[in-house]
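Each chain is listed here by its residues.
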Amino acid sequence: MKGYSFYSILKHGMRRKPRWPAAWHDVSPQRSYDAVIVGGGGHGLATAYYLARTHGMRRVAVLEKGWLGGGNSGRNTQVSRSNYFWPESAAFYDRSLQLYETLSHELNFNVMLSQRGILSLAHSHHELETMRRWANAIQVNDVDSEILSPQQIKKLEPLINLDTRFPVRGGFIQRRGAISRHDAVNWGYARAASALGVDIVQNCEVTGFDLRNGEVRGVETTRGSISTERVCLAVAGHSSQLAARAGLRLPITSMSLQAMVSEPIKPVLNTITMSAVIHMYVSQSDRGELVLGGGADVYNSYAQRGGLPLLEQNVAAMLELFPVFRGLRLLRQWAGTVDISPDTTPIMGLTPVKGLYINAGWGTGGYKAIPAGGETMAHTIVSDSPHPLIRAFGLDRFATGRLVDEGAAAGVAH
Amino acid sequence: MMQLQCPYCGVRDEMEFRFGGQSHITRPSPEATDAEWADYLFNRDNLKGVHAERWYHGFGCGRWFNVLRDTSTHEMLGVYRMGAPRPALPGKDGETP
Ligand SMILES: Cc1cc2nc3c(=O)[nH]c(=O)nc-3n(C[C@H](O)[C@H](O)[C@H](O)COP(=O)(O)OP(=O)(O)OC[C@H]3O[C@@H](n4cnc5c(N)ncnc54)[C@H](O)[C@@H]3O)c2cc1C
Ligand SMILES: [Zn+2]
């Protein structure tokens, strides 16, 4: 792999016809592997990367039915934060944020991490009280978090309208909260994994499994059978379908989550601002577009298409907080099929089928988890036991009743 | 925008309704094991294709009913009352890939 550097950009930039080498090799699948990762989203690619990089596993394949990052990892609003309520979540997501903080160096690919702070608003006295408790719990989890007064919020985000129908009473901020470039994260992991010998196979759908005595022996794909004793599912919205082919039922519901961007304008927003009560969040991309989103369309869907009522609600909520954007036009709106779990905590680790591992249940918030998700899954696959950071996230928690109910604690989950 | 056919009120916009998840889930007996309870409480078919599901006409008659809907196209394929068996859909049943 040719490294990217200031010098290489200069060199290629000076050429009349820049000849950038392909970032990764698109290959045909071999007949057998030490591990097969199903799904070429951020989680699948990162898992393959850490298998090769940390554990020295070389015969690894990532099988993607479409194109790299064509799923949710290339459709999200790029928000990272680690201000979670439960210690298990905070430890995991903060590890992920720490990995993001050095990811550009690790991958030799600029992921354009911008730690501009994530600001959550409270619209009533009671909400502010709950937020104080939440912010305190986050500090006890060793994660940065600060309560802000309405005046401090106005200073941070001068365009905001505090006098909304339910006036802004305060809020809290995680200053390390960030946005980054999702394509760069996907491509960066793909390129670095490929350089370590990982086979990245696009246009290859996994259609079934070769199971013997409850153990994985291989996968069936649209490009032939592949034998392997370790398979990791990282297929987000299609987890239930694929798991069913291995005889498993999952506590996952697939829904559409939509987002939209405005036409680009000069830099005017400083933070990622979100409100759980009016259910929307907005930030400004480096290109100048306002990126906004809210909740999922709450019915089962694989349509990859967001409904109009929710779009209208997102835009209305944004205009209530930032009336100054009233004249802007929307440029694009799109959706991804997200894998919602009952407690909005991911489902990671072992399954009842030996050699079959699962990485799913990310729902509306798994972009921020890509580095730690990959790191902990790689460890789990190699040692056939869950990494300590994800022990609480196992599929078995639904039978034991030990849920990690971040949904109740976290408000908007992105 | 989806429109649903309430069996009591007729066709209305989706905003009048609330989604109630998969239909025809039966509660296990009190002797059920933890695994059976978990299956009942949390596991779902989550089908891609024809899905039998419950909807509630909250901003209307306030009644529940069942809908057959294709989750990959949002096409409405049938409506039936609570307690009624799921009607057959010749040629339509089963998952799409
Ligand atoms: C609109 C939107 C906004 C979001 N905003 C945020 C945010 O701000 N912050 C945040 O943290 N998260 C956010 N998320 C969630 C986040 O994008 C996802 O949780 C995360 O990208 C999931 O990564 P993944 O690798 O598990 O899945 P994906 O990126 O969806 O990858 C799964 C891949 O599996 C492939 N696949 C499926 N079936 C098969 C098969 N049978 N064989 C082979 N391949 C298969 C798919 O084609 C797909 O490429 C958002 C999501 C959406 C849709
Ligand atoms: Zn009605």
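The numbering scheme is per chain: residues are counted from 1 as the chain's sequence reads. The order in which chains are written sets their letters, starting at A; the order in which ligands are written sets their numbers, starting at 1. Given that this is a predicted model, residues contribute local features only at a pLDDT of at least 70 and side-chain atom pairs are listed and counted only at 80 or more, while totals for whole chains, interfaces and linings are drawn from all residues. Side-chain measures here rest on the full set of heavy atoms in the structure, leaving out hydrogens and waters.

Regarding the domain arrangement of chain A
Residues and elements named next belong to chain A.
Step number 1: By convention here, the domain bounds are inherited from an automatic or database domain assignment. Each assigned domain of chain A is listed with its residue range as follows: domain 1 (24–79 + 182–251 + 343–400) and domain 2 (115–177 + 254–340).
Step number 2: Note on contacts: a residue pair qualifies if any of its non-hydrogen atoms lie within 4.5 Å across the two residues. The interface of domain 1 with domain 2 comprises 15 residues on the first partner and 16 residues on the second.
Step number 3: Here the quantity called buried area is the total loss of accessible area, with a 1.4 Å probe, experienced by two parts when brought into contact, counted for both. Here domain 1 and domain 2 share an interface that buries about 1,300 Å² over both sides, 56% of which is from carbon and sulfur atoms.
Step number 4: Salt bridges are defined by distance alone: a side-chain nitrogen of Lys or Arg within 4 Å of a carboxyl oxygen of Asp or Glu. Counting across the interface, domain 1 meets domain 2 through zero salt bridges.
Step number 5: Each polar contact in these results corresponds to two N or O atoms within 3.5 Å; when the atoms are within protein, one needs to be able to donate a hydrogen and the other to accept it, and residues that are neighboring in sequence are counted only if both atoms are side-chain atoms. Taken together, the connections running from domain 1 to domain 2 amount to nine residue pairs in polar contact (both at pLDDT 80 or more).

With respect to the pairing of strand E9 (residues 206–212) of chain A
Residues and elements named next belong to chain A.
Step number 1: Examined bridge by bridge, E9 and strand E10 (residues 215–221) share six bridges and lie antiparallel to one another. From the neighbouring strand, Leu 211 faces E10, where its bridge partner is Val 216.
Step number 2: Strands qualify as paired when DSSP identifies two bridges or more between them. By definition, any uninterrupted DSSP run of H or I lasting at least four residues is a helix, any uninterrupted run of E lasting at least two residues is a strand, and each is numbered from the N terminus. Counted between consecutive antiparallel strands, the loop separating E9 from E10 contains two residues, among which Asn 213 sits at a positive phi close to 50°.

Description of the interface of chain A and chain B
Step number 1: Listed per partner, the contact involves 22 residues of chain A and 25 residues of chain B.
Step number 2: Contact between chain A and chain B buries roughly 2,100 Å² in total, counting both sides, with carbon and sulfur atoms accounting for 50%.
Step number 3: If you sort the residues of chain A by the area they bury against chain B, Arg249(A), Tyr299(A) and Asn300(A) come out on top, with a joint share of 32%.
Step number 4: Taken together, the connections running from chain A to chain B amount to two salt bridges.
Step number 5: Note that Arg249(A) and Asp45(B) form a salt bridge whose closest N and O atoms lie 2.5 Å from each other.
Step number 6: Remark: the boundary between chain A and chain B carries 13 residue pairs in polar contact (both at pLDDT 80 or more).
Step number 7: Contributing elements (two or more residues each) for the side of chain A that touches chain B: helix H8 (239–244), strand E13 (253–262), strand E16 (290–300), helix H9 (308–321) and helix H11 (397–400) of chain A.

A few points about the coordination of the zinc ion (ligand 2)
All names here are of chain B.
Step number 1: Because no water is among the atoms considered, metal sites can look incomplete, with donors defined as N, O and S atoms within 2.8 Å of the metal, or 3.2 Å for Na, K and Ca. Note on the zinc ion (ligand 2): its protein donors are Cys 6 (SG), Cys 9 (SG), His 57 (ND1) and Cys 61 (SG). The metal-donor distances range over 2.0 to 2.4 Å.
Step number 2: One way to put it: the four donor atoms around the zinc ion (ligand 2) meet at angles of 105 to 120°, and that makes the site tetrahedral.
Step number 3: In terms of primary sequence, the donors binding the zinc ion (ligand 2) are separated according to C-x2-C-x47-H-x3-C.
Step number 4: Note on Cys 61: relative accessible area 31%, which makes it partly exposed. A four-donor site is classed as tetrahedral when every donor-metal-donor angle falls between 85 and 135 degrees; four donors are called square planar, and six octahedral, when trans pairs exceed 155 degrees and all remaining angles lie between 65 and 115, with any other arrangement labelled irregular. Only protein chains enter the accessibility calculation, which uses a 1.4 Å probe. A residue is then buried if its area is under 20% of the maximum for its type, exposed if over 50%, and partly exposed in between.

Re the sheet that holds strand E4 (residues 118–122) of chain A
Residues and elements named next belong to chain A.
Step number 1: Pairing is mixed across the open sheet formed by eight strands, whose spatial order is E5-E6-E4-E14-E15-E16-E13-E17. Every interior strand has two partners, whereas the edge strands, strand E5 (146–148) and strand E17 (330–340), have only one. When strand polarity is set aside, the average angle formed by the axes of neighbouring strands in this sheet is 25°.
Step number 2: Sheet analysis places E4 next to strand E6 (residues 170–174), joined by five bridges and oriented antiparallel. Counted as the bridge partner of Leu 119 is Ile 173 from E6.
Step number 3: Docked against the sheet, helix H5 (residues 125–140) engages E4, E5 and E6, running at close to 20° with respect to E6.
Step number 4: Axes, fitted as lines to C-alpha atoms, cover a helix only where it is in contact. Angles between the N-to-C directions of the axes lie from 0 to 180 degrees. Relative to E16, H9 is tilted by about 145°, and along the sheet it contacts E4, E13, strand E14 (272–275), strand E15 (280–284), E16 and E17.

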